[in-house]
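Given next are the chains, with one letter for each unit.
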Number of protein chains: 2
Amino acid sequence: MLQRIVLLLLLLPVLAASAQTARDVDPFLGTENSGNAFPGPSLPFAMVKPGPDDGNNRGNSGWTETGDINGFSQLHTHGMGGGAKYGDILIQPTTGAPQASSFSSPRADERASVGIYHVALTRYGIGVDITSSRRTALYRFTYPRSDQSTSGAPNAGLRNILFDVAHILDPVQDYGEAQIVVRSSIHVLSPTEVVGQHSVIGGWNKQITPYTVYFYAITDTAAASSGTWHEKELAPGSAEFIGGIAQGSGAYLTFPAGGPLTISLKIGISFISEAQAKQNAMTEIRGFDFEGTHAAALAAWDKALSTVTLQGESNEDRDTFATAIYQSMLMPVDRTGENPLWHSTEPYYGDYFTIWDTFRTSSPLLDLIAPARETQIVRSLVDIYRHEGWLPDGRLGNVTGRSQGGSDADFVLVDAWLHHLPGIDWTTAYQAMLKDAEAPTPDPTREGRGDLGDWHKIGYLTIEGTDRPGSKDVEYAANDFEVALLAKSLHHPAEYARYLKRAGNWENLWDSHATDEGFTGFIWVRHRDGSWKQPFNAYARCSWGGDTFYEGNTWTYSLFVPQDVARLIQLSGGDRTFVRRLDAFFSEPNHFDVNNEPGFLSPYLYNWAGRQDRTADQVRDILAHSFHTGRKGLPGNDDSGAMSSWYAFSRMGFFPNAGQDVFLIGTPAYPKVSIHLANGKTFTIDAPGVSAANKYIARAEWDGKPWTRNWFRIEDVERGGRLVLTMSPKPSRWDTGVPPPSMSSSPFPRNDPRQLPNRKRSRRS
Amino acid sequence: MLQRIVLLLLLLPVLAASAQTARDVDPFLGTENSGNAFPGPSLPFAMVKPGPDDGNNRGNSGWTETGDINGFSQLHTHGMGGGAKYGDILIQPTTGAPQASSFSSPRADERASVGIYHVALTRYGIGVDITSSRRTALYRFTYPRSDQSTSGAPNAGLRNILFDVAHILDPVQDYGEAQIVVRSSIHVLSPTEVVGQHSVIGGWNKQITPYTVYFYAITDTAAASSGTWHEKELAPGSAEFIGGIAQGSGAYLTFPAGGPLTISLKIGISFISEAQAKQNAMTEIRGFDFEGTHAAALAAWDKALSTVTLQGESNEDRDTFATAIYQSMLMPVDRTGENPLWHSTEPYYGDYFTIWDTFRTSSPLLDLIAPARETQIVRSLVDIYRHEGWLPDGRLGNVTGRSQGGSDADFVLVDAWLHHLPGIDWTTAYQAMLKDAEAPTPDPTREGRGDLGDWHKIGYLTIEGTDRPGSKDVEYAANDFEVALLAKSLHHPAEYARYLKRAGNWENLWDSHATDEGFTGFIWVRHRDGSWKQPFNAYARCSWGGDTFYEGNTWTYSLFVPQDVARLIQLSGGDRTFVRRLDAFFSEPNHFDVNNEPGFLSPYLYNWAGRQDRTADQVRDILAHSFHTGRKGLPGNDDSGAMSSWYAFSRMGFFPNAGQDVFLIGTPAYPKVSIHLANGKTFTIDAPGVSAANKYIARAEWDGKPWTRNWFRIEDVERGGRLVLTMSPKPSRWDTGVPPPSMSSSPFPRNDPRQLPNRKRSRRS
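Numbers given for residues are sequential positions, taken from 1 along each chain in its written order. Key to labels: chains lettered from A, ligands numbered from 1, both in the order written. This being a predicted model, a pLDDT of at least 70 is required before a residue's local features are given, and a value of 80 or more before pairs of side-chain atoms are given or counted; all residues contribute to the totals for chains, interfaces and linings.

Student: Quick question: what am I supposed to make of the overall build of chain A here?
Tutor: Helix numbers and strand numbers start at the N terminus; a helix is a DSSP run of H or I with at least 4 residues, a strand a run of E with at least 2. Secondary structure summary: chain A contains 19 helices and 32 strands in total. Its C-alpha radius of gyration of 27 Å places chain A within 12% of the 27 Å reference for a compact globule of 765 residues. A radius of gyration in this sense is built from C-alpha atoms; the matching globule rule multiplies 2.2 Å by the number of residues raised to 0.38.

Student: Would you mind showing me how to read the sheet that holds strand E25 (residues 654-656) of chain B here?
Tutor: By definition, the strands of a sheet pair up through backbone hydrogen bonds, in either a parallel or an antiparallel sense. Residues and elements named next belong to chain B. Strand pairing is defined by DSSP finding a minimum of two bridges between the two strands. Spatial ordering of the open sheet is given by E25-E26-E31, a layout of three strands whose pairing is antiparallel. If you trace the sheet from one side to the other, it starts and ends with E25 and strand E31 (711-712), each paired once. Bridge count for E25 against strand E26 (residues 663-665) is three bridges, and the pairing is antiparallel. Its bridge partner lying in E26, Pro656 is registered against Phe663.

Student: What exactly am I supposed to notice about the domain arrangement of chain A here?
Tutor: A common measure of how large an interface is: the accessible area buried when the components associate. Residue and element names in this part refer to chain A. Residue ranges assigned to the domains are those given by an automatic or database domain assignment. If you check the domain split of chain A, you get domain 1 (37-301) and domain 2 (308-728). Each of domain 1 and domain 2 has a C-alpha centre, and the two are 37 Å apart. Element by element, the count of residues in the side of domain 1 that touches domain 2 is highest for strand E12 (residues 207-219), at four residues. Per-class residue counts for the side of domain 1 that touches domain 2 are 14 nonpolar, 11 polar and three charged. Polarity classes work like this: nonpolar for Ala, Val, Leu, Ile, Met, Phe, Trp, Tyr, Cys and Pro, charged for Asp, Glu, Lys and Arg, and polar for all others, with Gly in that last group.

Student: Help me understand the relation of the copies chain B and chain A, please; the structure alone is not making it clear to me.
Tutor: Residues below a pLDDT of 70 in either copy are left out; the C-alpha atoms of the rest, at least 70 in both, set the least-squares superposition of the copies. For the match of chain B to chain A, the screw axis carries a shift of 0.0 Å, the RMSD comes to 0.0 Å, and the turn is 179 degrees. Both copies are brought into coincidence by an operation consistent with a two-fold rotation axis. Rotation axis and chain B: the residue whose C-alpha lies nearest the axis is B:Thr209, separated from it by 3.2 Å. We call two residues in contact if the C-beta atoms placed from their backbones are at most 7 Å apart. Comparing contact sets, 92% of the residues at the interface of chain B also lie at the interface in chain A, consistent with an isologous, same-surface contact.

Student: What is the right way to look at the interface of chain B and chain A in this model?
Tutor: On the chain A side, the residues contacting the 24 residues of chain B number 22 residues. Elements that contribute at least two residues to the side of chain B that touches chain A include exactly strand E10 (179-190), strand E11 (193-202), strand E12 (207-219) and strand E15 (240-243) of chain B. No other element matches E15(B), which puts four residues into the side of chain B that touches chain A. Class assignment of the residues belonging to the side of chain B that touches chain A gives a composition of 11 nonpolar, seven polar and six charged.

Student: Would you mind going over the pairing of strand E3 (residues 69-73) of chain B with me for this structure?
Tutor: Look at any regular strand and the pattern is simple: side chains alternate between the two faces of the sheet. All names here are of chain B. Remark: C-beta atoms are placed from the backbone, and a residue is labelled buried if 20 or more other C-beta atoms sit within 10 Å of its own, exposed if 12 or fewer do, or partly exposed between those counts. Along E3, five of the five residues are buried, which leaves the element largely enclosed by surrounding structure. Looking at chain direction, strand E2 (residues 51-54) and E3 are connected through four bridges and run antiparallel. Within E3, the position partnered with Asp53 by the bridge is Gly71.

Student: What is the right way to read helix H3 (residues 274-284) of chain B from this model?
Tutor: Counting along an α-helix, one turn takes 3.6 residues, and residues three or four places apart therefore face a common direction. Residues and elements named next belong to chain B. Taken together, the buried positions of H3 are occupied by Ala277, Lys278, Asn280 and Ala281. The arc enclosing the buried residues of H3, seen along the axis, measures out at 160 degrees, which places them on a common side. Exposed side chains of H3 directed beyond 90 degrees from the buried face belong to Ala275 and Thr283. On its buried side, H3 packs onto strand E8 (136-143), E12 and strand E17 (261-270). Directions are taken from the helix axis to each C-beta atom, and the arc is the one they span.

This is how it looks when you write it as structure tokens:
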């Protein structure tokens, strides 16, 4: 009887089905350990991300774990490596005499949950709470009682709000990625209003055309006096200042000494004008309603998180999963109505950092759980092409760049096609992909693939023709496969054939004599005359400008042929050798890097080689060792949610082969996952016995029928299927069906039971 | 007899008539004492100005008197204050191991004459000679014998040429005027060729849209090895690097140890492309012909200087006068064929620094002695308006800005009209002036007059409406007078009347109660409600953003009414009081500032008050105390030749009232001056007895007839007149004719014996 009760108790969580809610999210997850997570409040994909900036201007999200707080700026990124972007329009509450510099404060009592951030500035004894809407941040500053008579000094007890328009993150970063404020202006309009703007160049994308941020700030309490500063000199009473290159400039509002004082301040942000910033502030937040604004943020996130429900998960499971979904929905940011570059009725999104990172997991995840949002993002990409002539890979500060490899927006577009996202202008989208595949670009670090001459003429990228030819080459081949897919779907048979052929070009850099650790055959780099770079070095990697591989060595890139894993296995010596190579890849140091996107698919490659159980091993192993709760919860840069999306997929038990109609089955972490689709149906994975030990699949059923493939299709999901997995502590060969598609062994789409939908071109909606 | 011989000897120089030649010029005149003169070689108005850059990046022309030499860059300004511009594409010859930084050297044996600069870099024992053509600099590096075996170190005895594309002047200047290289690239093409480019923002005009400089360098000797550097790290063998924001980057060529070695290097510069830079290098200089290039520079300057001949002058006279003319012809620079912004068949000039400075003397001087050049300059101004919508006041780095006050290109255009310069599109020119006079501007520090609302509505600029309202107000009135002049000439009577009326608006800021040092009535600033700023302060002056006067106090600006000196005299209390005020102005400290353009006309104002002898006193006094030979020869910034032009006119004995058909007679410094006009005629001023004592005019004759006016007209000059002045050591009232024109007392053009030429609109030539 007792045993039964225990059993019932054990089953209880399994029976409790609930959506993740905003309360489950920990915005501080991944803030340390170089995760660069943004801990401040933000609506889903919101333009404004107010948060604390470290006094030493370190910290790509503004926040660092140790530094003093310099103030609170209004724009940040989430999970971004390299040179920082943003940190615009810093405000700081202080006490005493207003200061033009050195106003950082140590902090205490720092905490955040969805839609709210709190900290105490111990230098001043001021409490700070922040919440936000889409383009407006709302601050509540709680000043302590102050008394001028205590010290007798004329400024004792004053309470101030400083506005530093010359502030920016990373103003002295090396590697040519510093941010520089090239122009700023500030204008105290009235005792409650300050407006201004600044223009900024640089940062990770090294933009040399400045972006301009406008703001309008209003307080609920009238200041007794105000002023500006120029360089570091205060100009009391001055209402206006225009600053030049890297020139200190700002303004302050001062409130008199007296009892405890709470001042609310809201600050609207715009990329269009100060007037637009004012309109954003005045229409998005009624008065200074902090609780209402916070409640709206919670509601927005509850809704965003509600498309996936777990069942049987632990509290920790719930928190980390909700946080992963949350962090997948911070970027890119919705700047619709805030495009300073062209007028359009299409959505406008910014801060793609970078599609090279996010195409692998973020876009496929949004296709599933936020298709309306992903539709907007894809329409924005197409509109950027329409007006600027190129699809972006990276885009920050309203400028395209940098592009890290090929033209990876191709994957995003094809995924949108495969997921039947509506309202996308496919003719233009396809043109954009063709342009990337064909047109020379003046600056391949900014847009287009670049250096295509060798690709077109001799079928591989050369050391002479481009930098990082090894990593770019395999990427170009995968990109061309995407072009082929869309060409086929849009009924361009000649182009389909041409690009399918080019999708095999990666083989031209397969050096069948290259050997390392007993494995033979690796991707390696060649000269234009056909000779291989000597000597072969399995660990060679390089940065921009180098002549081998970017952010990874050939161990990683010799596994990146997502369009033709079957052929890759063949060249690598067959299934068994390939499995041994994968085993080595995941066990040796300097091979697999969980941190780095080019290896994202690699744990799932076992599925092609008949060892899905090893996929389960590797996925479980990576999850256990690299992902945790709390501030060190991510193994490295979240790359604007790419890592979080990898986590979300891997925990749900399946993984996308991006840009293809394929999800690979991994190993679920939860007894049950339900995805509530936009079409009203629900896709479910049931794995009732799942546990740390029960990580292997013994048997699978789809809608009650045996399922022997270790993969499924987007339309299987869209039909609202139910995949039931019987879990076991022992590996077994349950997946006796056809392996996942590969271009050569199962030529697309011959072995594919379904043709790509033979749709008419969607009309713009 | 002896006495006669002495007399004959004394007379000899008087009889020797000769043009100034290039050999008379001292490029080092004005390099010290903040003159900021550029000492390197330059053809007249040439785009390329190669010269040494101080290792501490001080020195607006690159050169400083004490610093080590960091290297030699290809673009500089002449006589520019504030934040520096240019210093692009630094090259430095060195010995030993190539270095990515800290390669400055002390110097010795520095000297320059027209078209050539020489210095020895004592750290390396290398001699450097530089000459140049319009867009190409030619260097000759003489390396000492070097022997690797002496020290045994592997790099001992190597000889290098470094290319630093990240170098720029003033990279950390305060006041928001730093220059920042936002992108650079370098490419070693072959053992003799290096190409590259960089893009730069900032500097005095705070430009936030970068300009890009391209170069192509070729040596006559093949390097044995080469490399690049990134940040400060050498990358031997690397052929290419792209640098970001403020990121160190460069390249080097290395030549082996051995006997003495002379390497010639030419470096073509372009604003269009590396290909254009190569074309400039290969077509402008044949091979590496140093002597031929130098000879061509000498010939060009001989020709440019030949339009004025002196007679009876001392050697020192000849040198300083030739140098003044030379320094008046260094800027703006001819970038025809190098405009990256638009295609046009019109000439394209850059580096207007600034018309606020140069309209007073430089343009009138070029109208006389280089009318073909001034025609190109004016056509370029009109073309800039045509394509960008505004006439520039300042323009640097292919960007308009900053504008220091009103719209002073008005004076330049009207002067061009008055001097009958051909081929100017007067319809467009007049539209451009109207736009400045009427249209609001988004950024008055960049273009247009700005803040015109009060000017249009209440007839003066207000403290509330604009910054620096006092100085701007008097300037707007003078600008409107220029519009009136051209309106009259182009037969727009209504506009003529409107602008003539507005030309009197300066009176609205005439505070008839303001008193200082016993003088009553000064220009002062008012609020929009009509009240005067309290209290009156005759010494108030301010910078950008202030509420009084720019670069001068009201003593200076209460004398700046060039269109109506008669009315000014009346308001100031009549001729005698006005003369006393002028006397006080020139004798008291903090009043007249020879350094500063707003006071340029003031020594000549005595001519309106019947005391031309006092003009002679003041002019002689200023010349004696503020202008000298040698490096301290200028009292301050030459302002791209404005000061030199003031000197040239004042030494020739007359002075322009800019933008009017009036030259004021001063006091000649030379017994005879002849200006050989473009129409083939010669205008001459004969003052045979002139000396330090004989500075007063006793009698004047024009073409043999008595001349009783202390002024003459442009057409008097153009007819090739001969003005003979009998000089005397005693003042006398010789000028009994009508005083110079004034708008009110001799309403333009009523008292003017000639109507403005009733010309048809010129056709574009």
